[in-house]
Amino acid sequence: MLTYNDVWSTFLDNYKVDTKDISQTEEAVYNDIKNAVILYNNRMRTNLICDNASETIANAKTDDERLLIAHYIRLVYLKNSKTLYETLYQPISPDVGIRNYRTQMSSLQTSIQDQEARIESYIFNMQEEFL
C-alpha cells in the first residue's frame, strides 16, 4: 500500500522549488495527491483510490506508481504556474517588455512538455517489463 507521505516525499525530491509555491496545508496536499491519482487512473486505466483517513492509496503497490503520481503532481504545478503567469502578466506585458514575457512563456511551455515526455517515458519503462 502506498502512503501519502511516500508520494509527497517523492514529489518534493523531484520538484525542487521554494516551499512557499506548493501546498502547505494537509487538506491541500491531500487534494494535490487525489488530483494526481485521478490523472494517473485516467492515463493508465486503473482504479487507485485515495483514503484520506488512513492517508493511503489503495491498489497502489509499486515504486513506479509512486513515481508517476508524484510526477503528475509536478505536471499540475507546472501547468498552474503557466496559467498564473499568463493571467498576471499578459495584460501588462507591453509595459514589462514583450520579449521577456514570451521568453518566460516559452520556458514554462518547454518545462511542461519535458514533464509530459518524462511521464510517458516512465509509463513506457513500466510497461516494458510486461513485453
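Residues numbered from 1 in each chain as written. Predicted model: local features only at pLDDT ≥ 70, side-chain atom pairs only at ≥ 80, totals over all residues. Heavy atoms only, no water.

Considerations on the overall build of the protein
Within the protein, the regular secondary structure consists of five helices and three strands. Along the protein, helices and strands appear, N-terminal first, in the series β-α-α-β-β-α-α-α. Split into buried and exposed, the 131 residues of the protein put 34% on the buried side. Contacts spanning at least 24 positions in sequence make up 69% of the contacts within the protein whose residues lie at least 6 apart. Surface exposure of the protein reaches about 8300 Å², of which carbon and sulfur atoms provide 48%. (Helix = DSSP H or I, 4+ residues; strand = E, 2+ residues; numbered from the N terminus. Buried < 20%, exposed > 50% of the residue type's maximum accessible area, 1.4 Å probe, protein only. Contact = heavy atoms within 4.5 Å. Areas by Shrake-Rupley, 256 points an atom, 1.4 Å probe, with all protein chains shown as cover.)

Considerations on the sheet that holds strand E1 (residues 2-3)
The strand order E1-E3-E2 describes an open sheet built from three strands, whose pairing is antiparallel. What marks the edges here is a single partner per strand, and that holds for E1 and strand E2 (49-51). Both E2 and strand E3 (residues 56-58) contribute to a ladder of three bridges, which runs antiparallel. Bridging from a neighbouring strand, aspartate 51 pairs with threonine 56 of E3. (Pairing = 2+ DSSP bridges.)

Some words on the nonpolar core
Formed by 29 residues in total, the largest nonpolar core has its most connected members in Trp8, Phe11, Ile33, Tyr40, Ile57, Ile69 and Ile73. Among the elements of the structure, helix H1 (4-15), helix H2 (26-44), helix H3 (63-89) and helix H5 (98-128) are those that each provide at least two residues to this core. With eight residues, the top contributor of residues to this core is H3. The contacts of isoleucine 69, once residues within four sequence positions are left out, are Leu2, Val7, Ala36, Val37, Tyr40, Leu48 and Ile57. (Core = buried A, V, L, I, M, F, W, Y, C linked by side-chain atoms within 4.5 Å.)

Comments concerning H1
Across its 12 residues, H1 extends 16 Å between first and last C-alpha, which sits within 8% of the 16 Å expected from 1.5 Å per residue. Among the residues of H1, those classed as buried are Tyr4, Val7, Trp8, Thr10, Phe11 and Tyr15. Summarising the axial view, the buried residues of H1 lie within an arc of 160 degrees, below the 170-degree limit, and thus occupy one face. Across from the buried face of H1, at angles greater than 90 degrees, the exposed residues are Asn5 and Asp13. Directly beyond the C-terminal end of H1, a positive phi value near 50 degrees is found at lysine 16. (Expected span 1.5 Å × (residues − 1). Arc of directions from axis to C-beta.)

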